[in-house]
Amino acid sequence: MKFLSKFYIVIIFLILYAPILVVILFSFNESGSLSNFTGFSLYWYEDLFRNDEALTALKNSLVLAVFSSILATVLGTLAAFSISRAKNKYYRRAMESVSNIPMMNPDIVTGVSMMLLFVGVAQFAKAGSYLGFWTMLIAHTTFNLPYVILSVLPKFRQMDKSLTEAALDLGCTPVQTLFRVELPYIMPGIVSGLMMSFTLSLDDFVISHFVSSPDFKTLPLYIYTQTAHEVKFSMYALCTILIFVILFLLIAVNVAGSMGEHRARKKAGKIMMGGK
Amino acid sequence: MNKEVLIRLNGISKAYDGETVLDHIDLEIHDKEFMTLLGPSGCGKTTTLRMIGGFETPDEGDVFFDGKRFNDVPPYQRQVNTVFQRYALFPHLNVFDNIAFGLRIQKRPDAEIKTKVKDMLALVNLKGFERRKVSTLSGGQQQRVAIARALINQPKVLLLDEPLAALDLKLRKDMQNELKNIQHQTGITFIYVTHDQEEALSMSDTVVVMAHGQIQQIGTPTDIYNEPINAFVADFIGESNIVDGIMLDDYRVKLAGHIFDCVDKGFGKNEPVDVVIRPEDVDVVATEKGMLRGLVTAVTFKGVHYEIIVDVKGFKWMIQTTDFVAEGETIGLSIDPDAFHIMKKSEFSGMFGDYSSFSDELEKLSDVTEEIEEE
Amino acid sequence: MKKQSVFERIAAAPYVAWSAMFIIGPLLFVVFFAFTDANGSFTLDNILSLPSYSHTFGISLGFSLIATTICLLIGYPLAYCMSRMSERARNVLTILMMLPMWISLLIRTYSLMALLDNGGLVNGFLTGIGLPKVTFIGTEGAVILGMIYDFLPYMVLPIYTSMTKLDRRYLEAASDLGCNSVQTLFKVVLPLTMPGVISGVTMVFVPSISTFYISQKLGGGVFDLLGDTIERQFQLADTYYIGAAISLVMMILILISLAIMNKFSDGGEDIIV
């Protein structure tokens, strides 16, 4: 029984990872063949980095991910704070359901509806070209928000009310309490929300597909247009790079989870030392 | 004891969602006093404490501190510190930083902070724990850190909200002594909230018994035990047989069909009263010598004494005796005049003092539910 | 307690404004466009023309139901096996199961295509051992396989989470009361992990029925799923009206099925991974 269950797990995971491993492996193949590995080479990577379009897409992706994740983290943290303090049950429920909409809706509906909003507003305003960086930023921030709230809200909820009271009791003003006790406490949630947003933004294809223009392409969009008709080995190289970036970010999020507390503590200590 | 009044509560009322929690509380707390607010859960003791700490504002009435009205002073401007029920230690700070917290807020120099934290750690017996994370401490150690963190600010008053509730029995006893010592050493006024009557009696200078959002009685532990003001206090503090009686005249009370001499006076002629007789004050004698006669229905060996339940004309008395009696035996009971404590009838009359459904387990069960409700 | 401070009240204002404009707003525009013609006047034509897409609805529903069912059949035993491993192994397996969720769907579909392509590794292997090539791309099987492959982790993780949350004592109690392991599975484990199953089913079904990328790549453009239709309306034809109507109907269908499934889950909290 034990053996059987181990065997089953191994098989499924093998199937799950086989295609990804194939892509990684063949991105180093010197020939353009998908069935024969003829020799190790970095040719496809060089090919990729000679390509201006790819580099622009990379830059766009990073800029977008940085801005949208920071914006979502700020908005989402404030919202989580307010939801956790709200006395009105209906307000709380309404806020939570609204923040769930982008998570429950299929990506394509979120993308299409955002596009319709931009199209509609542009029509009313009689504006011309409207899709690009700003619409992407709005869309990415919007789909990141629920994830930030999801990771910050529990921290606010777990926080014992008497921690805040203890800080007040020991002489902190409400503002000091926020910075010395409450923020350090929720910091791990904020950090993981931020990292998650960054990763999601870097990763998104479907929603971006509808709200972007040809002059603002992110990496997933670039991959999509490049692979529309034929197999391109430089795209295997790009996919490989992205897989490792995501892997790195995931590890960072996990480490941040355990490190966040440590770091927050150090920071709080510094503020205190600096405050004398 | 210094009799200077430090805190005065004047006609304090508080209601949550229309439910009255405090009902016109008047209370004076003296300097350097160890005062305990004692009562079952929901009696308003914690709310009273939080009002002094500044976490609640009264709907009605005033709080005075050193003669000044104090109602709207926020907690961080009060010379009052609190030891919270579940300690509320900051999880992101170590022991040293937790204790130093208040001083750092006051921007004291580092050298002073260091010495003071050291002194505090010595006071609470935690030398060498500076760098420990609070999550690695035991309940008792966290408790000490919480006390040190509050005391280091040299407050005029220390508020303690059921600080020992989460500790086991042995540790609780140790901490009771230690708290009493700390109070003596520091000379700070302690206001202590608990539902444990033993804790209240053994630690306090003054005990305030509360029920239903009202103060039932204020007094020294001996006063409260010997002269309970009504059936509630008599029942809540120690074991009591509370019997319906009629005060025939001064020094003469009739109960259970027998007329007894007593030492109380000042009641109306033939006034119905509640009579408290503590279990240890009843002597077991031969049937023919007894003032009352009863049937033993249960016997429990308690080590020093036996606890027996005796049916006297349908009312079950609890009696503590060192003589062995057997279940089913009929015995005589003799009571000295000073063992009777006569109380006026109150809203609590008839609710307590009969041991017909008594059992140790039941009592423990009700203790547990009380603690859970407090959560 | 005290009244809410000013800060507590206004902290949510930016978010409220944002979600009104960019979460609620877009949905209103979907409704608006679904009931509007090119001249901007009200019409029911878009909605009424939908029956001509019934074939699309049909195969989309069919494909995603099959994919969801297979995912459940593979995923439930997998989650069960995983939950019985040692803690160390479980931690590793959880991370391994989460990793693909974070790798772009695009990349994962593309890599599956690399395997199944006519010139791909599988066919290379087949010809290598002297067998004829098999055309995978453009078959129903390839599309469904793509859905299963892409979304299996979304089925496994919620089920696995609810299994690890399951108190061991329930299992002990069940065997104490005379259940054998099969009976325990059906009488105790299955009902108690139902919330996980529900959210797993949701998390596979919703993206399956709305995908367009999988059917484009692995279906070779042969199958026209709902997602493809919507995508084409928006990207190529530039006729938003029909696309909006299809999106609206799809959204409503999904909402209804979510509501039905929530009924099953007994009001338990949603498990979101």
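Position labels on residues start from 1 in each chain and follow its written sequence. Think of it this way: whatever chain is written first is A, whatever ligand is written first is 1, and the rest follow in order. In keeping with the predicted nature of the model, local features appear solely for residues at pLDDT of at least 70, side-chain atom pairs appear and are counted solely at 80 or more, and the whole-chain, interface and lining totals rest on all residues.

Turning to the overall build of chain B, a few remarks are in order. Secondary structure elements follow DSSP: runs of H or I no shorter than four residues count as helices, runs of E no shorter than two count as strands, and numbering proceeds from the N terminus. Within chain B, the secondary structure is distributed over 9 helices and 20 strands. Overall, the C-alpha framework of chain B stretches about 80 × 45 × 40 Å when taken along its three principal axes. Restricting the contact set of chain B to residue pairs at least 6 apart, pairs at least 24 apart contribute 68%. Residues are treated as contacting if the C-beta atoms built from their backbones sit within 7 Å of each other.

Take the pairing of strand S9 (residues 206-211) of chain B next. Residue and element names in this part refer to chain B. Judged by how many residues are buried, S9 sits mostly within the fold: 6 of 6 residues are covered. Side chains Thr-206, Val-208 and Met-210 of S9 all project onto a buried face; the interleaved residues Val-207, Val-209 and Ala-211 project onto the opposite face, where all are buried too. Think of it this way: DSSP has to see at least two bridges between two strands before they count as a pair. The pairing of strand S3 (residues 34-38) with S9 spans 4 bridges and is parallel. By the bridge assignment, Met-35 is partnered in S9 with Thr-206. Pairing analysis gives 5 bridges linking S9 to strand S10 (residues 214-219), with the strands arranged antiparallel. Pairing of Val-209 across the sheet is with Gln-217, part of S10. Connecting S9 to the antiparallel partner S10 that follows it, the hairpin turn spans 2 residues, and His-212 within it adopts a positive phi of roughly 50°. Counting other C-beta atoms within 10 Å of a residue's C-beta gives its exposure: the residue is buried at 20 or more, exposed at 12 or fewer, and partly exposed in between, where C-beta atoms are placed from the backbone.

A separate point is the confidence of the model for chain B. Values of pLDDT, ranging from 0 to 100, describe the predictor's confidence in every residue of the model. Taken over all residues, the pLDDT of chain B has a mean of 86, while the share at 70 or more is 94%. Segment residues 359-375 of chain B is flagged for pLDDT under 50; beyond a separation of four residues in sequence, or across chains, it makes 8 contacts in the model.

Residue and element names in this part refer to chain B. Spatial ordering of the open sheet is given by S13-S12-S11-S14-S20, a layout of 5 strands whose pairing is antiparallel. The open sheet has two free edges, formed respectively by strand S13 (258-261) and strand S20 (341-344), since each of these has just one partner strand. With direction set aside, neighbouring strand axes in the sheet form an average angle of 40°. Judged from the 3 bridges that link them, strand S11 (residues 241-249) and strand S12 (residues 252-255) form a sheet pairing that is antiparallel. Looking across to S12, one finds that Met-247 is bridged to Val-253. Axis definition: a line fitted to C-alpha atoms, limited for helices to the stretch in contact. Angles are taken between N-to-C directions and run from 0 to 180 degrees.

This next bit is on the domain arrangement of chain B. All names here are of chain B. Under the domain assignment used here, chain B contains domain 1 (5-226) and domain 2 (231-374). For domain 1 versus domain 2, the distance between C-alpha centres works out to 36 Å. Counting residues at the interface gives 12 residues for domain 1, matched by 9 residues for domain 2. Only S9, S10 and helix H7 (221-226) provide two or more residues apiece to the side of domain 1 that touches domain 2. We call Asp, Glu, Lys and Arg charged. Ala, Val, Leu, Ile, Met, Phe, Trp, Tyr, Cys and Pro are nonpolar, and the rest, Gly among them, are polar. By residue class, the composition of the side of domain 1 that touches domain 2 is 6 nonpolar, 5 polar and 1 charged. Residue ranges for the domains trace back to a domain assignment, done automatically or taken from a database.

Bringing the interface of chain A and chain C into the picture now. Counting residues at the interface gives 61 residues for chain A, matched by 63 residues for chain C. Of the residues belonging to the side of chain A that touches chain C, the class tally is 46 nonpolar, 12 polar and 3 charged.

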